[in-house]
Amino acid sequence: MIRKYTTGPLNNLTEKDKTVSKDIVVNSLNQNQRENAKVRIKVYALNGKKKLIHNVVFTVKPYASTYNSFFVGNAKQYEVQFITNQLKVQFASFGISPKDRFVAAHRVINSELSRLV
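Description of the structure in this document. No experiment lies behind these values; they were computed from the predicted model shown.

### Topic: the overall build of the protein
- A tally of regular secondary structure across the protein gives zero helices and ten strands.
- Walking the protein from its N terminus toward its C terminus, one meets helices and strands in the order β-β-β-β-β-β-β-β-β-β.
- Compactness check: the protein gives a C-alpha radius of gyration of 14 Å against a globular reference of 13 Å for 117 residues, within 12% of the reference.
- Considered along the principal axes of its C-alpha atoms, the protein spans approximately 50 × 30 × 20 Å.
- By residue count, 43% of the 117 residues in the protein fall in the buried class.
- Partitioning the contacts of the protein with sequence separation of at least 6, the portion at a separation of at least 24 is 72%.

### Looking at the pattern of salt bridges
- All told, the structure shown has four salt bridges when counted by the stated rule.
- Ionic pairing is found between E79 and K50, a salt bridge with its closest N-O pair at 3.0 Å. Of the two residues, E79 sits in strand β7 (residues 77-84) while K50 sits in strand β5 (residues 50-60), which places them 29 residues apart along the sequence.
- With a relative accessible area of 7%, E79 lands in the buried category.
- With relative accessibility at 47%, the residue K50 sits in the partly exposed group.
- Through salt bridges that share partners, K22, D23 and D100 make up one connected network.

### Notes on the sheet that holds strand β6 (residues 64-71)
- Read across the sheet, four strands follow the order β6-β3-β8-β9 without closing on themselves; strand pairing throughout is antiparallel. The two strands at the open ends of the sheet, each matched to only one other strand, are β6 and β9 (102-108). Adjacent strand axes in the sheet meet at a mean angle of 20° when their direction is disregarded.

### Overview of the environment of N30
- Tracing the sequence through the fold places N30 in strand β3 (residues 23-30).
- C-alpha of N30 to C-alpha of L87: the two residues are 57 residues apart in sequence and 9.0 Å apart in space.
- In contact with N30, other than residues within four places in its own chain, are E35, N36, A37, V60, K61, P62, Y63, A64, K88 and V89.
- Within the structure, the side chain of N30 is placed 3.1 Å from the backbone oxygen of V60, a separation counted as a polar contact.
- A distance of 3.4 Å separates a polar side-chain atom of N30 from the backbone oxygen of K61.

Reading guide: rules and limits
Residues numbered from 1 in each chain as written. Predicted model: local features only at pLDDT ≥ 70, side-chain atom pairs only at ≥ 80, totals over all residues. Heavy atoms only, no water. Helix = DSSP H or I, 4+ residues; strand = E, 2+ residues; numbered from the N terminus. Rg over C-alpha atoms; globule rule 2.2 N^0.38 Å. Buried < 20%, exposed > 50% of the residue type's maximum accessible area, 1.4 Å probe, protein only. Contact = heavy atoms within 4.5 Å. Salt bridge = Lys/Arg side-chain N within 4 Å of Asp/Glu carboxyl O. Pairing = 2+ DSSP bridges. Axes fitted to C-alpha atoms, helices over the stretch in contact; angles between N-to-C directions. Polar contact = N/O pair within 3.5 Å; in protein donor to acceptor, adjacent residues only side chain to side chain.

Structural measurements only, silent on function.
What follows is the structure in structure tokens.
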């Protein structure tokens, strides 16, 4: 069964039109003891119109994790979608500022994701 999750829209500009996150780091954790998980990560720029800017597919081995980094510095808003074929896969997304610091407002952990149907 395919499962899809989203961060929802995340604003990526300050009040003075400065970029909040230049990159995001996405973590995937397969909690299944026996089966690989197929994962697709889609990142969309939401600059008035939804545009796919990153689309990667990979496999996460049983009881293993991965991380991917994506540039979002040109996106005024962005959304991350997580798609998997396994029930026991958890995801998280973290923003990284232009000064290479974590952005608390762009931290979205598994329990905060919305399920897409």
